[in-house]
Amino acid sequence: MAPTVLVLAGLLWFGQREDRLGAAVFVSAILAPPLLEPLVIGNIRWGLGLMSIGLLASLIALVVVSRRWWIIAAAGFQVAATSSYAIALAQPDLLIWTGVSLRLVLWMLQMVACGFGIAEALSARRQTRSHFRAKARPLSTEYHP
């Protein structure tokens, strides 16, 4: 949990609007499971499955409106995590711990993508500053025909 908190805090601190929205989406995905975990039919945790679908939809919406590649990677990992719930619907008793382990690995891959998001946000911030510095340079007072 500590790496997740550090990465999401880094996105909130260093990121721009789309990075912060992405971090907020992941924070909501962390806070929602205690409320949704009791929603179970048989062995299928449909509350967590709906949360996974909501996370995927939120990430896809962010991909559409932003230019950050880390959000695209996180959405791709979320597609795999969400599809693991569909596999659980097809075979409820088959490989339960494999699905849970797969989702944990995919969560860590999403946090790695968020870590690259911090680097991308810092790079975008540097590029913006250097662009404005270049525009703010005073014109030369010498005349060159």
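Anything mentioned here points back to the structure above.
Predicted, not measured: the structure shown is a model, and the values here were computed from it.

Novice: Could you give me a rundown of the overall build of the protein, with the residues and numbers involved?
Specialist: Of the regular secondary structure elements, the protein holds 6 helices and 0 strands. For the protein, the α and β elements follow one another from N to C terminus as α-α-α-α-α-α. Counting over 145 residues, the protein shows a buried share of 32%. Sequence-distant contacts in the protein: of pairs separated by 6 or more residues, those separated by 24 or more amount to 69%. Carbon and sulfur atoms form 70% of the exposed surface of the protein, whose accessible area is close to 9600 Å².

Novice: Outline the nonpolar core, listing residues and values.
Specialist: Leu8, Leu11, Phe26, Leu55, Leu59, Trp70 and Cys114 are the most contacted members of the largest nonpolar core, which has 19 residues in total. Elements represented by at least two residues in this core include exactly helix H1 (2-14), helix H2 (17-31), helix H4 (46-65), helix H5 (69-90) and helix H6 (96-135). Contacts of Leu59, omitting those with residues within four sequence positions, involve Val25, Phe26, Ile71, Ala74, Ala75, Gln78 and Gln110.

Novice: Report on the environment of Leu62, specifying residues and quantitative values.
Specialist: Looking at the secondary structure, you find Leu62 in helix H4. It is 7.1 Å that separates the C-alpha atoms of Leu62 and Glu18, two residues lying 44 residues apart in sequence. Filtering out sequence-adjacent residues up to four positions away, Leu62 remains in contact with Glu18, Leu21, Gly22, Val25 and Ile71.

Novice: So what's going on with the packing of H2 against H4? Which residues, and what values?
Specialist: Closest axis-to-axis distance for the H2/H4 pair is 10 Å, and the angle between their directions is 180°. Taken as axis vectors, H2 and H4 run roughly antiparallel relative to one another. Counting all contacts with H2, which are made through Glu18, Leu21, Gly22, Val25, Phe26 and Ala29, the residues of H4 involved are Met51, Leu55, Ser58, Leu59 and Leu62.

Novice: Let's hear about H4: which residues, and what values?
Specialist: Between the first and last C-alpha of H4 there are 29 Å, a value that for 20 residues agrees with the 28 Å anticipated at 1.5 Å per step. Considered for burial, the residues of H4 that qualify are Gly47, Leu48, Gly49, Met51, Ser52, Leu55, Leu56, Leu59 and Leu62.

Novice: Residue-level account of H1, with values.
Specialist: Here H1 spans 18 Å end to end across 13 residues, near enough to the 18 Å set by a 1.5 Å rise per residue. Those residues of H1 not exposed but buried are Thr4, Val7, Leu8, Gly10 and Leu11. Projected down its long axis, H1 shows its buried positions confined to an angular sector of 150°, all on one face. Exposed side chains of H1 directed beyond 90 degrees from the buried face belong to Ala2, Leu6 and Trp13.

Novice: Residue-level account of a nonpolar patch on the surface, with values.
Specialist: A surface patch of nonpolar side chains, about 470 Å² in accessible area, is lined by Leu39, Ile41, Trp46, Leu50 and Ile53. Looking at the element boundaries, Trp46 is found in helix H4.

Novice: I'd like a rundown of the pattern of salt bridges, residues and numbers included.
Specialist: Counted by the stated rule, this structure contains 2 salt bridges. Between Glu18 and Arg68 there is a salt bridge, with its nearest N and O atoms 3.4 Å apart. Of this pair, Glu18 sits in helix H2 while Arg68 sits in the loop between H4 and H5; the two residues are 50 residues apart in sequence, bridging distant segments of the chain. Exposure class is identical for Glu18 and Arg68. Each is buried.

Novice: Please provide a residue-by-residue account of the side chain of Ser84, values included.
Specialist: Structurally, Ser84 can be placed in helix H5. With a relative accessible area of 6%, Ser84 lands in the buried category.

Rules and cut-offs
- Residues numbered from 1 in each chain as written.
- Predicted model: local features only at pLDDT ≥ 70, side-chain atom pairs only at ≥ 80, totals over all residues.
- Heavy atoms only, no water.
- Helix = DSSP H or I, 4+ residues; strand = E, 2+ residues; numbered from the N terminus.
- Buried < 20%, exposed > 50% of the residue type's maximum accessible area, 1.4 Å probe, protein only.
- Contact = heavy atoms within 4.5 Å.
- Areas by Shrake-Rupley, 256 points an atom, 1.4 Å probe, with all protein chains shown as cover.
- Core = buried A, V, L, I, M, F, W, Y, C linked by side-chain atoms within 4.5 Å.
- Axes fitted to C-alpha atoms, helices over the stretch in contact; angles between N-to-C directions.
- Parallel < 35°, antiparallel > 145°, perpendicular 65-115°, else oblique.
- Expected span 1.5 Å × (residues − 1).
- Arc of directions from axis to C-beta.
- Patch = residues over 30% accessible without salt bridge, like charges linked within 9 Å, V, L, I, M, F, W, Y side chains within 5 Å.
- Salt bridge = Lys/Arg side-chain N within 4 Å of Asp/Glu carboxyl O.

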